[in-house]
Amino acid sequence: MGRGKIEIKRIENTNNRQVTYSKRKNGIIKKAKEITVLCDANVSLVVYGSSGKMYEYCSPNTNLTDMLDRYQRLSGNKLWDAKHENLQIEIDRIKKENESMQIELRHLKGEDITSLNYEELIVFEDALENGLTHIREKKDEIPQIMRKHEQALEEENKHLMYMVQQSEMAAMGDYQADEPFSFRVQPMQPNLHERM
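As the structure is a prediction and not an experimental result, all values here were calculated from the model.

Asks: Would you take a moment to explain helix 2 (residues 64-75) for this structure?
Replies: An α-helix turns once per 3.6 residues; consequently, residues spaced three or four apart project the same way. The end-to-end C-alpha distance of helix 2 is 16 Å, a good match for the 16 Å that 12 residues give at a rise of 1.5 Å each. Looking one or two places after helix 2, you find Gly-76, whose phi comes out positive at around 85°.

In structure tokens form, the structure reads like this:
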């Protein structure tokens, strides 16, 4: 018993549409693998679902970039514009610059210096000496900064002590203005005082 033909149109039910997409996607990927093995063909397949998720298949002996470049050469259709080509050139330049900086950093750390010639070693030695001099200058500045900070704290402490003293004197002045302030002296041993 054969299958009946279905009308090719958008499936309205979301669940049915998702199930059909999943089955047909797996089927087309299976067919791409089969044609690669059976016919020794180079196949690239990219599928985007409605969710935006990408599925891809590429023959084992090639990759998608090579396939797209080959398609561009054979068809004459320009897939990459000049802007994208310039971006690729810029990316390659930055990669080379990054590799160069990584090598220089390793050399500054003292790693992998056997590949350097005498002049390059002299340049790195000078750079290290300059860095060490700069660090020593910064280290020598720290005590001066600390002294200035200490002086500022001392000045602030003196000012605060003065403010406390002024507020105490003001409080005592208010107390004396309200009632007279007097002391009564008592002998340390009251019994001796009575005997005299």
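Now that the structure has been shown, we can carry on.
Asks: Quick question: what am I supposed to make of the pairing of strand 1 (residues 44-48) here?
Replies: Every other side chain in a regular strand lies on the same face of the sheet, so the side chains alternate between the two faces. On strand 1, burial follows the alternation: Leu-45 and Val-47 on one face are buried, whereas Ser-44, Val-46 and Tyr-48 on the facing-out side are not. Relative to strand 2 (residues 54-58), strand 1 runs antiparallel, the two being bridged by five bridges. Looking across to strand 2, one finds that Ser-44 is bridged to Cys-58. The turn joining strand 1 and strand 2, which pair antiparallel and follow one another in sequence, is formed by five residues; a positive phi near 95° is taken by Gly-52.

Asks: It is not clear to me how a nonpolar patch on the surface should be interpreted in this structure. Could you clarify?
Replies: Where nonpolar side chains cluster on the molecular surface, the patch consists of Val-46, Tyr-48 and Met-54 and spans about 290 Å² of accessible area. Inspection of the secondary structure assignment puts Val-46 in strand 1.

Asks: Explain helix 1 (residues 14-39) here, please?
Replies: Helix length check: helix 1 (26 residues) gives 37 Å between terminal C-alpha atoms against 38 Å at 1.5 Å per residue, within 8%. Regarding helix 1, the residues found buried are Lys-25, Ile-29, Ala-32 and Thr-36. Tucked inside the fold, the buried residues of helix 1 contact strand 1 and strand 2. In this structure Asn-13 caps helix 1, since a side-chain oxygen of it lies 2.9 Å from the backbone nitrogen of Asn-15. Just downstream of helix 1, Asp-40 is the residue with a positive phi angle, here 55°.

Asks: Hey, could you run me through the nonpolar core in this one?
Replies: Nonpolar side chains tend toward joint burial in soluble globular proteins. Formed by Ile-29, Ala-32, Val-43, Leu-45, Val-47 and Tyr-57, the largest nonpolar core amounts to six residues. Going through the elements one at a time, helix 1 and strand 1 are the ones with two or more residues in this core. The contact partners of Tyr-57, leaving out residues within four places of it in the chain, are Ile-29, Ala-32, Lys-33, Thr-36, Val-43, Ser-44 and Leu-45.

Asks: Would you take a moment to explain the side chain of Ser-59 for this structure?
Replies: On the secondary structure map, Ser-59 appears in the loop between strand 2 and helix 2. A polar atom in the side chain of Ser-59 sits 2.5 Å from the backbone nitrogen of Val-43. Not counting residues up to four positions away in its chain, the partners in contact with Ser-59 are Thr-36, Ala-41, Asn-42 and Val-43.

Conventions we followed
- Sequence order as written defines residue numbering, which begins from 1 separately in each chain.
- Given that this is a predicted model, residues contribute local features only at a pLDDT of at least 70 and side-chain atom pairs are listed and counted only at 80 or more, while totals for whole chains, interfaces and linings are drawn from all residues.
- For side-chain calculations, the full set of non-hydrogen atoms in the structure is used, while hydrogens and water are omitted.
- Counting from the N terminus, the helices are the DSSP runs of H or I reaching at least four residues and the strands are the DSSP runs of E reaching at least two.
- Given the number of residues in a helix, its expected span is that number minus one, multiplied by 1.5 Å.
- Only protein chains enter the area calculation, which uses a 1.4 Å probe; residues under 20% of their type maximum are buried, those over 50% are exposed, and those in between are partly exposed.
- When DSSP finds two or more bridges between a pair of strands, those strands are recorded as paired.
- To count toward a patch, a residue needs a relative accessible area above 30% and no salt bridge. Like charges then connect within 9 Å, nonpolar side chains (Val, Leu, Ile, Met, Phe, Trp, Tyr) within 5 Å.
- Note on areas: Shrake-Rupley, 1.4 Å probe, and residue coverage restricted to the protein chains presented here.
- Here, a salt bridge means any side-chain nitrogen of Lys or Arg that lies within 4 Å of a carboxyl oxygen of Asp or Glu.
- Whether two residues are in contact is decided by their heavy atoms: any pair within 4.5 Å suffices.
- We define a polar contact as two N or O atoms separated by no more than 3.5 Å, with the added condition that, inside protein, one atom must be a possible hydrogen donor and the other a possible acceptor, whereas residues neighbouring each other in sequence contribute only through side-chain atom pairs.
- By convention a nonpolar core is built from buried Ala, Val, Leu, Ile, Met, Phe, Trp, Tyr and Cys residues, the set being connected through side-chain atoms within 4.5 Å.

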